[in-house]
Amino acid sequence: MTKSGRPQDAFGHKAKKEGFAARSVYKLEEIDHRTQLLRRGMKVLDLGAYPGSWTQYAALKVGREGHVVAVDQQEWRGGFPPQVEPRQADVLALTPVELGGPGTFDLVVSDMAPWTTGTRFVDQCRSYDLYMHALHIAEGTLRGQGGFVGKIFQGPDFDEAKKRTAALFTKTRVLKPDASRQESYEIFIVGIGFR
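Summary of the structure given here. (Residues numbered from 1 in each chain as written. Predicted model: local features only at pLDDT ≥ 70, side-chain atom pairs only at ≥ 80, totals over all residues. Heavy atoms only, no water.)

With respect to the pairing of strand β4 (residues 105-110)
With six of its six residues buried, β4 lies for the most part within the structure. In this sheet, β4 lies alongside strand β1 (residues 43-47) in parallel orientation, the contact comprising four bridges. Across the sheet, the residue bridging to Leu47 is Ser110, located in β4. Where β4 meets strand β5 (residues 142-153), five bridges bridge the pair, whose relative direction is parallel. In the sheet register, Ser110 faces β5, and the bridge partner there is Gly150. Of the crossover connections in this fold, the one passing from β4 over helix α4 (residues 120-141) to the parallel β5 is right-handed. (Buried < 20%, exposed > 50% of the residue type's maximum accessible area, 1.4 Å probe, protein only. Helix = DSSP H or I, 4+ residues; strand = E, 2+ residues; numbered from the N terminus. Pairing = 2+ DSSP bridges. Right-handed = clockwise from strand over helix to strand, strands pointing away.)

What to know about helix α2 (residues 25-35)
Within α2, eight of the 11 residues are buried, which leaves the element mostly enclosed by the surrounding structure. The complete set of buried residues in α2 reads Val25, Tyr26, Lys27, Leu28, Glu30, Ile31, Asp32 and Thr35. Just past α2, the residue Gln36 takes up positive phi, approximately 55°.

Observations regarding the environment of Phe169
With respect to the helices and strands, Phe169 occurs in strand β6 (residues 169-175). With 24 residues separating them in the primary sequence, Phe169 and Gln145 have C-alpha atoms 8.0 Å apart. Each residue touching Phe169, except ones within four places of it in the same chain, is listed here: Leu135, Leu142, Gly146, Gly147, Phe148, Gly191, Ile192, Gly193, Phe194 and Arg195. (Contact = heavy atoms within 4.5 Å.)

Written out as structure tokens, the structure is:
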């Protein structure tokens, strides 16, 4: 069983077997396979990183020559390889300058989601706010031609989020990985080629 009380699915069993912190690793893995965003030696910022499966995957891809900054308000447990810098902080309280400013990262990723209320419209609005904050941080910390991956719940603000992303990147894609639960209305917007 998972923390939410749902039985562990195939992705959950696979993550446990392969030593990843959560099944969500396979969302980033599929996005990466379809976009080729992650490469050896990159500097990556992982927002809302806890429990760390996206951080683990990014660390594997960038190798020891790379660097991954993993930020979450939860207290980190367990160890990471030396190329990972875990930071305990409220992402919403951080500014791009506090994270290094322009030209610091090659890729910014965000799997952040709000604490859900069960009211779909409220949850969508909160997800949009998180997405836009992640995009703001990306805009203020990415190098030229850098990339961005952000999770958002589909809703009335989705088109605006996509439009704002398209204004910052030469190419955008919208992806729903196989590892996203069928009943979930999460989707990922990918920005490629930061202007």
